[in-house]
Amino acid sequence: MSDTRLSVLKTYKLYVGGKFPRSESGRVYEVTDAKGNWLANAPLSSRKDARDAVVAARKAFGGWSGATAYNRGQVLYRVAEMLEGRRDQFAREVADAEGLSKSKAAALVDATIDRWVWYAGWTDKIAQVVGGGNPVAGPFFNLSSPEPTGVVAVLAPQESSFLGLVSVLAPVVATGNTAVVVASEKSPLPALSLAEVLATSDVPGGVVNVLSGRTAEIATPLAAHQDVNAIDLAGADEALAKELEIAAADNLKRVLRPQPVDYTETPGIDRMTAFLETKTVWHPTGSLGASGSSY
């Protein structure tokens, strides 16, 4: 038996609707490490792939947004458990993608897993922070509560291939939205590997859809898509962001413009509230007498 064997090269695929299709276009592009060495061929997504991902995200929205916040937190925590089990793989991919030492990449992966846990813990708490009873003068009271916006297109940061990715994706799904993620154009492999974790976790198919390829090519149809409710432009440069914001205005999408972010810092709740709507319900309480209200 020969001592020499050929290594089994990994085939990276898209993640759409809980399945792993190749791009319908059949195209791929070369992904290289920080030194220019070939790592893999990643799918080069088309406009059709983007539309398919939106259909999958819309189909999954009802079940995911209708789940209890506590259940969403359990599901997302399970993802963190599985990321912990594949920590070494992600450390290698992040080291290659960002030109880091093994120790620095491992620290970034640990921070990423912790970030996922952090957002998982917010699922059943965000409503207490941004919702509540409102003081009104009259024979009624009203309650405001947050609800997810819907299908959110997320352009992952270009330079932070894993921590940045999770920092923009996790708040979207933690609050009950579904997502179409455009991975970092230069370093898509950690995002495509995250899709494998999501597929074998309890996250329903279609809640997160991951596309790789040319950011501008994929983002343009997403920004103009009438069934996309919001878009996070974290991975767009200034010129592309302006173009996408104009396209997004056609159906009044919520738009989160790119801004300088240190993804190693505690993120706060801004990315969760960016894709939440506020529903206010009014209840009559009866007539107000001299002694106060009656129910």
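Above this text you will find the structure in question.
Each chain has its residues counted from 1, following the order in which its sequence is written. The predicted nature of this model means local features are confined to residues of pLDDT at least 70 and side-chain atom pairs, given and counted, to a pLDDT of 80 or more, with totals for whole chains, interfaces and linings taken over all residues. Working from all heavy atoms in the structure, the side-chain values ignore hydrogens and water.

Take the sheet that holds strand β6 (residues 178-182) next. At least two DSSP bridges between two strands are required for those strands to pair. What counts as a helix is a DSSP run of H or I of at least four residues, what counts as a strand is a run of E of at least two, and both are numbered from the N terminus. If you walk across this open sheet you meet the five strands as β7-β6-β5-β8-β9, and the pairing is parallel. The open sheet has two edge strands, β7 (208-211) and β9 (254-256), and neither has a second partner. Each strand axis lies, on average, 15 degrees off the axis of its neighbour in the sheet, ignoring direction. Bridge analysis of strand β8 (residues 230-232) against β9 gives three bridges, and the strand direction is parallel. Counted as the bridge partner of D232 is L256 from β9. By the convention used here, residues are in contact when the closest approach between their heavy atoms is within 4.5 Å. Between N-to-C directions, angles span 0 to 180 degrees; the directions come from axes that are lines fitted to C-alpha atoms, helices contributing only their stretch in contact. Packing of helix α1 (residues 47-66) onto the sheet brings it into contact with β5 (151-155), β6 and β7, and relative to β6 it is tilted by some 155 degrees. Here helix α6 (residues 163-174) sits on the sheet in contact with β5, β6, β7 and β8, set at roughly 160 degrees to β6.

This part takes up the environment of S23. Assignment of secondary structure puts S23 in the segment before β1 (28-32). Taking the C-alpha atoms as reference, S23 lies 7.8 Å from K13; in sequence the two are 10 residues apart. In contact with S23, other than residues within four places in its own chain, are L14, P43, L44, S45, S46 and D49. As used in this structure description, the phrase polar contact means that two N or O atoms lie within 3.5 Å; if the pair is within protein, one of them must be able to donate a hydrogen and the other to accept it, and residues adjacent in sequence are counted only when both atoms belong to side chains. At 2.7 Å, the side chain of S23 forms a polar contact with the side chain of D49.

The antiparallel open sheet is built from three strands, whose spatial order is β3-β4-β10. Each having just a single partner strand, β3 (132-134) and β10 (276-284) make up the two edges of the open sheet. Here the average twist between neighbouring strands, direction ignored, is 30 degrees. As paired strands, strand β4 (residues 140-148) and β10 are joined by nine bridges and run antiparallel to one another. Bridge pairing links L143 to V281 in β10.

Spanning 21 residues, helix α4 (residues 102-122) covers 31 Å between terminal C-alpha atoms, matching the ideal 30 Å at 1.5 Å per step. Residue burial is assigned from relative accessible area. The probe radius is 1.4 Å, only protein chains are included, and a residue is buried under 20% of its type maximum, exposed over 50%, and partly exposed in between. All of the buried residues in α4 are A105, A106, V109, T112, I113, R115, W116, Y119, A120 and W122. Tucked into the core, α4 has its buried residues touching α2 (69-85), α3 (87-98), α5 (126-130), α6, α7 (189-199) and α10 (270-273). In this analysis, the expected span of each helix is defined as 1.5 Å times one less than the number of residues it contains.

The working definition used for a salt bridge is a side-chain nitrogen of Lys or Arg within 4 Å of a carboxyl oxygen of Asp or Glu. In this structure the tally under the stated criterion is 16 salt bridges. When the shortest N-O distance is used, the salt bridge between E159 and K186 registers 3.8 Å. Of this pair, E159 sits in the loop between β5 and α6 while K186 sits in the loop between β6 and α7; the two residues are 27 residues apart in sequence, bridging distant segments of the chain. Since its relative accessible area comes to 41%, K186 is described here as partly exposed. In this structure, R257 engages E238 in a salt bridge whose closest nitrogen and oxygen atoms are separated by 2.7 Å. Here the residue R257 occupies a position in the loop between β9 and α10, and E238 occupies one in helix α9 (residues 238-248), the gap between them amounting to 19 residues.

What follows concerns the packing of α2 against α4. Helix-helix packing is described using two parameters, namely the angle between the two axes and the distance between the axes. Remark: α2 packs on α4, axes separated minimally by 8 Å, with the N-to-C direction vectors making an angle of 170 degrees. With respect to each other, α2 and α4 are oriented roughly antiparallel. Contacts between α2 and α4 involve G73, L76, Y77, V79, A80, L83 and E84 from the first element and I113, W116, V117 and A120 from the second. When residues are grouped by polarity, Ala, Val, Leu, Ile, Met, Phe, Trp, Tyr, Cys and Pro land in nonpolar, Asp, Glu, Lys and Arg in charged, and all others, Gly among them, in polar. The residue inventory of the contact of α2 with α4, partitioned by class, reads nine nonpolar, one polar and one charged. In this scheme, roughly parallel covers angles under 35 degrees and roughly antiparallel covers those over 145, while 65 to 115 is roughly perpendicular and the rest are oblique.

Here we come to the side chain of D232. Inspection of the secondary structure puts D232 in strand β8. Residue D232 is classed as buried on the basis of its relative accessible area of 1%.

As for its placement among the helices and strands, N37 is situated in the loop between β1 and β2 (38-43). Owing to a relative accessible area of 42%, N37 belongs among the partly exposed residues under this scheme. For N37 and D96, which are 59 residues apart along the polypeptide, the C-alpha to C-alpha distance reads 9.3 Å. Residues within four places of N37 in sequence aside, it is in contact with V31 and T32.

Okay, the packing of α3 against α4 next. Look at α3 against α4: their axes get within 8 Å of each other, and the N-to-C directions meet at 120 degrees. Accordingly, the angle class assigned to the pair α3 and α4 is oblique. The handedness of the crossing between α3 and α4 is right-handed. In this structure, α3 contributes R87, F90, A91, V94, A95 and E98 to the contact, and α4 contributes A105, A106, L108, V109 and D110. By definition, any crossing whose near helix is turned counterclockwise from its far helix by less than a right angle is left-handed, and any crossing with a clockwise turn is right-handed.

On their own, these measurements won't tell you what the molecule is for.
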